[in-house]
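What the coordinates show
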Amino acid sequence: MLYAAIITTLVVAIGITDELTLQWQSTRAIVTGPLVGLLLGDVGTGLVVGATIELMFLSNVIVGAAEIPDVTMASAIATALCITSNVPQEVAITLAVPVAIFGQFMSTIRFSVLGVPLAHLADKPAANGDIKGVLRTPAIGLIVLNLLYIIPTFIAVYFGADLVSAAVEMMPTKLINAFGVGSNLLAAVGFAMLLSMLKSRKLLPMLFIGYFMAAFLNVSIIGTVIVALSVAILYSNLTRSKGETEV
């Protein structure tokens, strides 16, 4: 479990560092899950777990000072437990919810407790004209803030895997099936929340067309994406042409 714990911790550290710096969206579950799966030798499980958790939290956005559940920790830990402890995917995905909420608590500490003191570390070097001292402040902040996430991640994967595996073995089949239903429901609710934010209700028919293609015509995801992209381009061109004509 040591290797899995180290790998999962490194992936979370990369995601948190990216969130605080470049913001290449490596914090998303759709990236974290497959990456952990790839490094642990099971990309398929990582894709399924990551994509499902992504759907669960897809509509979450930061509003003001309100923090959102942390999908980076949730997807990384859920994927690692699913691969290393033979935990059913449904159970691992359901466990992602409390993990994400715990990550949300860590994010609250990051911004409301540690953020200001870490920023003020640059005050004295700045007053003395010490450029190198000022530049050291972000590096110190990255290390300190990463500890909020990587320590719980390492503990959860290294020490929690055996406990979770033993608990799953003790669970009755009906309870595991209930977890499966719950995980699917969470993903559906998350996607429904995202759809409720659509600004243009006129685009809803496009959604139903895509659903019809996937559910009844058995068109693959790639095929559906190609059709959707083509329709989007046509819609954009026709809308632009109409606007130019009116002008």
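Refer to the structure presented above.
Now for a look at the structure at hand. As the structure is a prediction and not an experimental result, all values here were calculated from the model. (Residues numbered from 1 in each chain as written. Predicted model: local features only at pLDDT ≥ 70, side-chain atom pairs only at ≥ 80, totals over all residues. Heavy atoms only, no water.)

Summed over all chains, the structure comprises 2 salt bridges. Linking Glu54 and Arg28 is a salt bridge whose minimum nitrogen-to-oxygen distance equals 2.9 Å. Of this pair, Glu54 sits in helix α3 (residues 43-56) while Arg28 sits in the loop between α1 (2-20) and α2 (29-39), and the two are 26 residues apart along the sequence. Exposure remark for Glu54: the relative accessible area of 11% places this residue in the buried category. For Arg28, a relative accessible area of 17% gives the class buried. Among the ionic pairs, Asp130 bridges to Arg136, the shortest N-O distance being 3.9 Å. (Salt bridge = Lys/Arg side-chain N within 4 Å of Asp/Glu carboxyl O. Helix = DSSP H or I, 4+ residues; strand = E, 2+ residues; numbered from the N terminus. Buried < 20%, exposed > 50% of the residue type's maximum accessible area, 1.4 Å probe, protein only.)

Helix length check: helix α7 (residues 131-158) (28 residues) gives 40 Å between terminal C-alpha atoms against 40 Å at 1.5 Å per residue, within 8%. Of all the bends in α7, the greatest measures close to 35° and is centred on Leu147. Those residues of α7 that fall on the buried side of the exposure criterion are Gly133, Thr137, Gly141, Leu145, Asn146, Leu148, Tyr149, Ile150, Pro152, Thr153 and Val157. Between the side-chain oxygen at the start of α7 and the backbone nitrogen of Lys132 there is a gap of 3.4 Å, and the oxygen is on Asp130. (Expected span 1.5 Å × (residues − 1). Bend = angle between axes of the 7 residues up to and from the residue. Polar contact = N/O pair within 3.5 Å; in protein donor to acceptor, adjacent residues only side chain to side chain.)

Attention now goes to the side chain of Ser26. By the secondary structure assignment, Ser26 is in the loop between α1 and α2. Reaching out from Ser26, the side chain makes a polar contact with the side chain of Asp18 at a distance of 2.7 Å. What Ser26 contacts, discounting residues up to four positions off in sequence, is Ile14, Gly15, Asp18, Val31 and Thr32. (Contact = heavy atoms within 4.5 Å.)

Let's shift gears to the environment of Arg110. Counting through the fold element by element, Arg110 comes out in helix α5 (residues 89-119). Ignoring any residue separated from it by four or fewer positions in sequence, one finds Arg110 in contact with Ile16, Glu19, Leu20, Gly115, Leu145, Leu148 and Tyr149.

Relative to the helices and strands, Thr79 is located in helix α4 (residues 71-84). Here the side chain of Thr79 touches Ser75 through a polar contact of 2.7 Å, landing on its backbone oxygen. In contact with Thr79, not counting residues within four places along its chain, are Gly33, Val36, Gly37, Gly46 and Val49.

This paragraph deals with the nonpolar core. Membership of the largest hydrophobic core comes to 36 residues, with the highest contact counts inside it found for Leu40, Ile53 and Tyr149. Of all the secondary-structure elements, those providing two or more residues to this core are α1, α2, α3, α4, α5 and α7. Among the elements that line this core, the one with the most residues is α4, at 10 residues. Beyond its immediate sequence surroundings of up to four residues, Ile53 is in contact with Ala29, Ala74, Ser75, Ala78, Ile93 and Ala96. (Core = buried A, V, L, I, M, F, W, Y, C linked by side-chain atoms within 4.5 Å.)

Take the environment of Ala228 next. Relative to the elements of secondary structure, Ala228 occurs in helix α11 (residues 221-246). Taking the C-alpha atoms as reference points, Ala228 and Gly210, separated by 18 residues in sequence, lie 7.4 Å from one another.

All we've got here are geometric facts, nothing functional implied.
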